[in-house]
Amino acid sequence: MIPLETIDPVAATGLFSYAWLMIALPALGAFVLLGFGRYVEKSGPYLAVATIGGSFVVAMALFVQMLAAPVDQRAVSVQLYTWFTTGTWQLDVGLLVDQLSILFALLITGVGGLIHVYSLGYMAHDERKRRFFGYLNLFVAAMLTLVLADNYLVLFVGWEGVGLASYLLIGFWQYKPSAAAAAKKAFVMNRVGDLGMVLAISAMLAQFGSSAFIDVNHGAEHLAPGWTTAIGLLLLLGACGKSAQVPLQAWLLDAMEGPTPVSALIHAATMVTAGVYLVVRSHAIFDLTADARLAVVIVGTVTLLAGAWIGCSKDDIKKVLAGSTMSQIGYMMLAAGIGPAGYAFAIFHLLTHGAFKANMFLGAGSVMHGMNDDVDMRHYGALAKYLPITFWTFACGYLAIIGFPLTAGFFSKDHIIEAAFGQSALVGTLALLGAGVTAFYMTRLMLMTFGGKKRWLDGVHPHESPAVMTVPLIVLAALSLVAGAVMNWWIQEWLEPAAGNHAHEVELLPTPIGWLTMLVVAAGVFVGWWVFGRKPIPAVAPQGNVLAVAGRNELYGNAVNDTLVVKPVLGVSRAAVAADAKAFDGFVNLLANALGGLSVGGRRVQNGYVRSYALTMVLGVLLVGVVLILGLGA
Amino acid sequence: MIDQYLYLAVILFVIGAVGVMIRRNALVAFMSVELMLNAANLALVAFAWHHASFDGQVASFFVMVVAAAEVVVGLAIIVSIYKTRRSTSVDNANLLNQ
């Protein structure tokens with residue numbers, strides 16, 4: 001497979017030289033909110049929203065200018081300064097504003113901005129609101145650094161920043177032990193992925209003498225195949241950590257401990273999309289190594305099925321959505337792993353998913369807001385009448401994620417399934433199956449939350465959320481409906497120079513596989529209704545079959561981690577502690593005790609009586625005298 | 001002839017040493033130390049006379065100088081101890097042991 005030659009970026013002029021403002025504004029916001037605490041207690045949240053708004057305006061302006069520019073002028077590199085120079089390596093900090101990164105910047109600032117606005121309402125009564133918005137700003141700034149960097153090292157700075165911000169936000173309610181543990185878990189599991197990133201970047205520095213995208217893109221063809229595969233697999237490990245792909249998926253469901261807007265931000269606009277971005281950005285590497293691509297496809301396929309499975313069996317509305325995110329990111333990984341045919345589809349699905357998943361998470365937050373922060377869907381029911389705006393916007397997200405014709409997911413998911421069939425019949429069938437399961441669990445969620453009879457707990461009075469929360473929902477719902485149709489005929493060609501994909505002809509009328517997908521989705525919806533729509537839903541979860549129990553336990557991912565990693569590590573550290581305490585400390589203590597005993601004996605001599613000292617001296621002199629006399633005699 | 005001098009020196013030295021070891025009064029112990037120094041001086045002078053050389057006599061001068069200096073410092077210490085504790089018993093001056 002010969003990759004398309006990607007076009008080198010041109011130097012920045014005019015408006016493009018201000019691209020750094022996109023990162024600087026939210027970073028400044030975070031600095032002010034976190035650094036000047038009391039002075040901005042009241043105004044801070046609005047400042048945070050304003051900085052994201054400013055970033056969005058800059059991104060939009062750049063996007064419009066890019067649309068107007070000729071194709072070979074669209075990718076722009078903005079050199080900022082030299083970070084450091086050591087030996088033959090010079091590490092520059094620069095931004096790469098191209099067709100790929102600008103789409104991400106729009107998604108992050110756009111959806112992220114809406115989430116900020118929504119948080120004004122959702123977090124209105126939280127005492128630490130200012131701090132929360134500071135972290136949100138930090139999150140957005142880090143994610144923008146990640147996608148706008150022009151080399152892997154600066155990307156890694158953003159990558160770690162995202163990890164830090166997610167840690168702070170997942171554990172925002174740190175007085176809850178479960179939230180603190182979830183934050184730690186996310187952080188630790190991300191570190192495993194980061195190890196892959198560090199090794200990959202080191203390998204690039206060793207092989208290319210630079211980590212800039214442009215050098216890597218040019219140098220990749222001359223690299224030994226073993227190296228490309230190694231770098232590809234290491235990058236995949238990094239992507240798995242950030243994007244919660246199997247086997248590093250366990251943190252994502254626990255991450256639901258954070259406030260709901262954080263879940264929306266992590267799942268839609270930032271964080272989990274970073275892995276997909278990384279794979280697409282590194283297409284020059286992955287184009288050349290079929291083995292690493294195959295690994296990406298396998299990871300994506302396994303994750304999309306595992307996520308969907310978990311989504312089917314959870315009663316916690318946020319965990320259902322979290323499973324669904326895993327599954328959808330799995331689709332994107334699968335598409336990215338298929339290679340040049342799939343890069344654009346991966347990004348396409350990522351963008352539409354960003355809209356409808358943010359919509360649904362914020363909708364879930366709105367439901368929780370009305371239900372006294374209860375997340376158990378078995379305590380919901382019949383909410384459509386009481387939360388009309390939330391219901392209708394959620395319904396738009398629902399239609400988009402199951403791929404109802406002409407909604408966003410219909411276009412983006414169909415392409416991935418078709419591309420998967422192009423890869424192999426097995427992968428295609430599994431992706432198709434995933435679409436059916438998605439339809440099933442989302443139908444279940446809708447029926448349990450908005451349909452059926454009331455199963456509310458005592459003292460719950462659902463009420464619609466304030467406008468500051470519903471307006472973002474409406475905007476995102478509109479995007480969930482139209483984003484697919486808007487980008488369908490455009491995105492492939494747009495991304496071609498940046499992602500090196502081959503544009504495919506896309507039709508409005510579905511292909512045979514498209515018809516088949518619709519059929520499977522319809523079947524999924526029908527089964528969902530058959531199981532959960534016909535009879536009242538029990539307020540206590542039934543025993544469930546083997547599949548449901550496995551899903552509820554998150555496919556035993558935690559047990560696997562415990563057995564394979566946690567227990568051996570604990571065992572080794574316990575052994576090390578025991579060895580330290582018994583062997584090393586024992587020896588040292590023995591020595592110290594022996595010396596101590598000697599000193600106790602020595603101390604007796606020092607009794608403080610001058611006369612006894614005098615006696616000792618006399619005896620000593622006598623002894624010396626005797627020795628001298630005897631010695632002289634001999 | 002020298003024997004008698006040395007016997008006297010030894011007797012004086014032993015008296016001094018025993019005095020330091022058994023007397024509690026600091027002043028007496030101090031005088032005993034002086035006695036031991038003078039016994040040593042006597043021995044030095046006796047040997048110098050016996051060998052017809054001045055070395056021992058010179059050495060005894062040094063001893064006397066050191067002894068004078070010692071008396072100055074030692075008596076000052078004893079006086080200040082007496083002022084604070086109303087006692088010159090060396091057995092009571094054992095603060096460093098505690």
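Conventions and cut-offs
- Residues numbered from 1 in each chain as written.
- Chains lettered and ligands numbered in written order.
- Predicted model: local features only at pLDDT ≥ 70, side-chain atom pairs only at ≥ 80, totals over all residues.
- UniProt positions renumbered as here; feature names shortened; annotations may be inferred.
- Helix = DSSP H or I, 4+ residues; strand = E, 2+ residues; numbered from the N terminus.
- Buried ≥ 20, exposed ≤ 12 C-beta atoms within 10 Å, placed from the backbone.
- Contact = placed C-beta atoms within 7 Å.
- Pairing = 2+ DSSP bridges.
- Expected span 1.5 Å × (residues − 1).
- Axes fitted to C-alpha atoms, helices over the stretch in contact; angles between N-to-C directions.
- Parallel < 35°, antiparallel > 145°, perpendicular 65-115°, else oblique.
- Left-handed = near helix turned anticlockwise from the far one by under 90°.
- Nonpolar A, V, L, I, M, F, W, Y, C, P; charged D, E, K, R; others polar.
- Domains from an automatic or database assignment.
- Core = buried A, V, L, I, M, F, W, Y, C linked by C-beta atoms within 7 Å.
- pLDDT = per-residue confidence, 0-100.

- An unreviewed UniProt entry lists chain B under the name NADH-quinone oxidoreductase subunit K, from Micropruina glycogenica.
- Reading the Sequence similarities (unreviewed entry) entry of the UniProt record for chain B gives the comment "Belongs to the complex I subunit 4L family."

- Per an unreviewed UniProt entry, the recorded name for chain A is NADH-quinone oxidoreductase subunit L, and the organism is Micropruina glycogenica.

## Regarding the overall build of chain A
And step 1. A count of helices and strands for chain A gives 24 helices and three strands.
And step 2. Taking the principal axes of its C-alpha atoms as reference, chain A extends roughly 125 × 65 × 55 Å.
And step 3. Relative to its full complement of 634 residues, chain A shows a buried share of 53%.
And step 4. Taking as baseline every contact in chain A between residues at least 6 positions apart, the subset at least 24 positions apart corresponds to 81%.

## So, the overall build of chain B
And step 1. Tallying secondary structure elements over chain B gives three helices and zero strands in all.
And step 2. When the helices and strands of chain B are placed in sequence order, the string is α-α-α.
And step 3. Taken over the C-alpha atoms alone, chain B extends approximately 50 × 25 × 20 Å along its principal axes.
And step 4. Burial statistics for chain B: of 98 residues in total, 14% are counted as buried.
And step 5. Taking the intrachain contacts of chain B between residues at least 6 apart in sequence as the baseline, contacts between residues at least 24 apart amount to 46%.

## A closer look at the pairing of strand β2 (residues 76-86) of chain A
All names here are of chain A.
And step 1. Across two bridges, the pairing between strand β1 (residues 10-11) and β2 is parallel. Residue pairing in the sheet places Val 10 in a bridge with Val 76 of β2.
And step 2. Where β2 lies against strand β3 (residues 89-97), nine bridges are found, and the strand directions are antiparallel. Opposite Thr 85, over in β3, you have Gln 90 as the bridge partner.

## With respect to helix α2 (residues 26-51) of chain B
Residues and elements named next belong to chain B.
And step 1. Compared with the 38 Å implied by 1.5 Å per residue over 26 residues, the 38 Å span of α2 between its first and last C-alpha is a close match.
And step 2. Listing the buried residues of α2 in full gives Ala 26, Ala 29, Phe 30, Ser 32, Ala 39, Asn 41, Ala 43 and Leu 44.
And step 3. Taken from the residues just after α2, Ala 52 is the one with a positive phi, measuring 55°.

## What to know about the packing of helix α16 (residues 388-402) of chain A against helix α19 (residues 467-488) of chain A
All names here are of chain A.
And step 1. Taken N-terminus to C-terminus, the directions of α16 and α19 make an angle of 25°; their axes are 9 Å apart at the nearest point. Judged by the inter-axis angle, α16 sits roughly parallel to α19. Regarding α16 and α19, the two cross each other, and that crossing is left-handed. For the pair α16 and α19, contact is made by Ile 389, Thr 390, Thr 393, Cys 396, Gly 397 and Ala 400 and by Thr 470, Leu 473, Ile 474, Ala 477, Ser 480 and Leu 481, respectively.
And step 2. Broken down by class, the residue content of the contact of α16 with α19 amounts to seven nonpolar, five polar and no charged.

## Thoughts on the domain arrangement of chain A
And step 1. Parsing chain A into structural domains produces domain 1 (151-561) and domain 2 (564-633).
And step 2. Between the C-alpha centres of domain 1 of chain A and domain 2 of chain A the distance comes to 66 Å.

## Looking at the sheet that holds β1(A)
And step 1. Here we have three strands laid out as an open sheet, ordered β1-β2-β3 (chain A), and mixed in their pairing. The two strands at the open ends of the sheet, each matched to only one other strand, are β1 and β3 of chain A.

## Regarding the nonpolar core
And step 1. Counting 207 residues, the largest nonpolar core has Phe139(A), Leu148(A), Leu334(A), Ile347(A) and Ala358(A) as its most contacted members.
And step 2. Phe139(A) has contacts with Val162(A), Ala165(A), Leu169(A), Leu265(A) and Thr270(A), leaving out every residue within four places of it along the chain.
And step 3. Core analysis: the next-biggest nonpolar cluster, separate from the first, contains seven residues, Ala614(A), Ala26(B), Ala29(B) and Phe30(B) among them.

## Topic: unusual backbone geometry
Negative phi values dominate among residues other than glycine, just as trans dominates among peptide bonds.
All names here are of chain A.
And step 1. In this model, Val 246 is joined to Pro 247 through a cis peptide bond whose omega is 10°.
And step 2. Position of Pro 247 relative to the elements: it lies in the loop between α8 (225-243) and α9 (250-254).
And step 3. Not every positive phi belongs to a glycine, and Ala 244 is a case in point at roughly 55°.
And step 4. Look at Asp 373: it is not a glycine, yet its phi comes out positive at around 60°.
And step 5. Turning to its location among the elements, Asp 373 is positioned in the loop between α15 (343-370) and α16.
And step 6. Taking the C-beta count within 10 Å as the criterion, Asp 373 has 10 such neighbours and is therefore assigned exposed.

## Brief notes about the interface of chain B and chain A
And step 1. Listed by partner, the interface residues are nine residues for chain B and nine residues for chain A.
And step 2. Its residues placed into classes, the side of chain B that touches chain A shows six nonpolar, two polar and one charged.

## Focus on the UniProt feature "domain: NADH-Ubiquinone oxidoreductase (complex I) chain 5 N-terminal" (unreviewed entry) in chain A
And step 1. Using the residue numbers shown here, the UniProt feature "domain: NADH-Ubiquinone oxidoreductase (complex I) chain 5 N-terminal" (unreviewed entry) corresponds to residues 83-133 of chain A.
And step 2. The distance from the first to the last C-alpha atom of residues 83-133 of chain A is 29 Å, and the span holds 57% helix and 25% strand.

## A closer look at the confidence of the model for chain B
And step 1. Mean pLDDT over chain B stands at 90; residues scoring 70 or higher make up 97%.
And step 2. The ipTM for the predicted assembly is 0.83, set against a pTM of 0.79.

## A closer look at the environment of Met442(A)
Residue and element names in this part refer to chain A.
And step 1. The residue Met 442 is located in helix α18 (residues 425-450) in this model.
And step 2. Between the C-alpha atoms of Met 442 and Leu 399, which are 43 residues apart in sequence, the distance is 9.2 Å.
And step 3. Beyond its immediate stretch of four places on either side in the chain, Met 442 contacts Tyr 398, Ile 401 and Ile 402.

## Focus on the packing of helix α13 (residues 290-313) of chain A against α18(A)
Residue and element names in this part refer to chain A.
And step 1. Running from N to C, α13 and α18 point in directions that differ by 20°, and their axes come no closer than 9 Å. As summarised for this structure, α13 and α18 are arranged roughly parallel, according to the angle between their axes. Between α13 and α18 the crossing geometry is left-handed. Residues Val 297, Thr 301, Leu 304, Leu 305, Ala 308, Gly 311 and Cys 312 of α13 lie in contact with α18, whose contacting residues are Val 427, Leu 430, Ala 431, Gly 434, Val 437, Thr 438, Phe 440 and Tyr 441.

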